[in-house]
Every structure is written in structure tokens, then in C-alpha cells.
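Descriptive structure summary
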Amino acid sequence: MQIALFQPDIPQNTGTILRLCACLGLDAHIIEPAGFPISDRLFRRAGMDYLDHVRLTRHVSWATFEDWRAGQGHRLLLFTTKAATDYRDFRYQSSDILLFGRESAGVTDAVVEAADARLVIPIKAGLRSLNVAMSVAMAAGEALRQIRNPQGLTG
């Protein structure tokens, strides 16, 4: 399982997500352009020393990411507030890439069209969205739970 961030623009969120990837053993991708330099102090601070433990691939554009993904054959699962499928009702695979959009603008239409599935984390009516780092943690937790326990058995 892999996490991809489309043109992230808040360094603290990105650092937190990469720390999560390091701790859970998930590969991470940043699809440029990011809204901050990867060497940004806030980015390094949020990721702390965990950044040395995450396998991070930077893609210079959406097109290069898509070329890479096509060669790998991974499904792309877009998490968006504009989806109808509840992320808890989706069946994940270990080779999936969970994609999250830019905090300020989401993703482009081309990204929406390229996604193999569009998933939503339902929230209370009238509220706009969750923090992206929180969304990544929730989505990764559910996907890993399913993969590690595909029949939904407990204990």
C-alpha cells in the first residue's frame, strides 16, 4: 500500500503524513509542484527524524506519476469530498495507491478521471472537510485493517 499526495501545500501536513508512512511501513509519493520546498523547515520539523525511514518518491508532475503508475499497474484510489462511495465500504488491495489532493484546491479534473475509484470519508453535514493528515491516517488504518483481516474476523 502506498500514499500519494497531489501538489501538497502545507508542509506540516506533509511532514506528518510522511511520519505516518514511516511508522506504518507505507511508501509515499509527492506529486509536484508542492507549495513549499521539500527542505522547508516546517516540513522537516513535522516529519522529524522519521523522514529518514520513509521510502519517498517525488514525481515532477502528474504526467510523470501517471506514467510510473501505468508501468506498475497499481489502482489509484482518490479520497475526495465529492465522492459517493464510503471509504469503509470499499475493498482495498495491498497494491493500492491512496491519493489525497492539495489542501487548498483538491485535484484537477484529469486526476479525478484517472482514478480507479473515488472514496469519501463521511463527515457531519454542514462541515467542509477533515485535515488531510487526519484523512490519510483514517484511510490507511481502514485499508490496512482490511488487508490484514480480509474476512473481517476479530480476535
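So, how was this worked out
- Residues numbered from 1 in each chain as written.
- Predicted model: local features only at pLDDT ≥ 70, side-chain atom pairs only at ≥ 80, totals over all residues.
- Heavy atoms only, no water.
- UniProt positions renumbered as here; feature names shortened; annotations may be inferred.
- Phe/Tyr/Trp six-rings, centres within 6.5 Å; stacked < 30°, edge-to-face > 60°.
- Helix = DSSP H or I, 4+ residues; strand = E, 2+ residues; numbered from the N terminus.
- Buried < 20%, exposed > 50% of the residue type's maximum accessible area, 1.4 Å probe, protein only.
- Contact = heavy atoms within 4.5 Å.

As recorded by an unreviewed UniProt entry, the chain carries the name tRNA (cytidine(34)-2'-O)-methyltransferase and is attributed to Bradyrhizobium yuanmingense. Recorded under Subunit (unreviewed entry), the UniProt text for the chain is reproduced unchanged: "Homodimer."

With that settled, the discussion passes to the packing of aromatic side chains. A complete count under the given rule lists 5 aromatic pairs for this structure. A centroid spacing of 4.8 Å and a plane angle of 15° characterise the contact between Phe79 and Phe100, whose relative ring orientation is stacked. Placement of the pair is Phe79 in strand E4 (residues 76-79) and Phe100 in strand E6 (residues 97-100), with a sequence separation of 21 residues. What makes Phe79 buried here is its relative accessible area of 9%.

Glancing now at the UniProt feature "binding site: S-adenosyl-L-methionine" (unreviewed entry) in the chain. Mapped onto the present numbering, the UniProt feature "binding site: S-adenosyl-L-methionine" (unreviewed entry) falls at Gly101, Ile121 and Ser129. The greatest C-alpha distance among the residues just named is 13.6 Å, despite their covering 29 residues of sequence, which places them together in space. Judged by relative accessible area, Gly101 falls into the buried class, the value being 17%. In contact with Gly101, not counting residues within four places along its chain, are Phe6, Gly106, Val107 and Val132. You can see Ile121 is positioned in the loop between strand E7 (117-120) and helix H5 (132-148). Beyond its immediate stretch of four places on either side in the chain, Ile121 contacts Phe79, Tyr87, Leu130, Ser135 and Met138.

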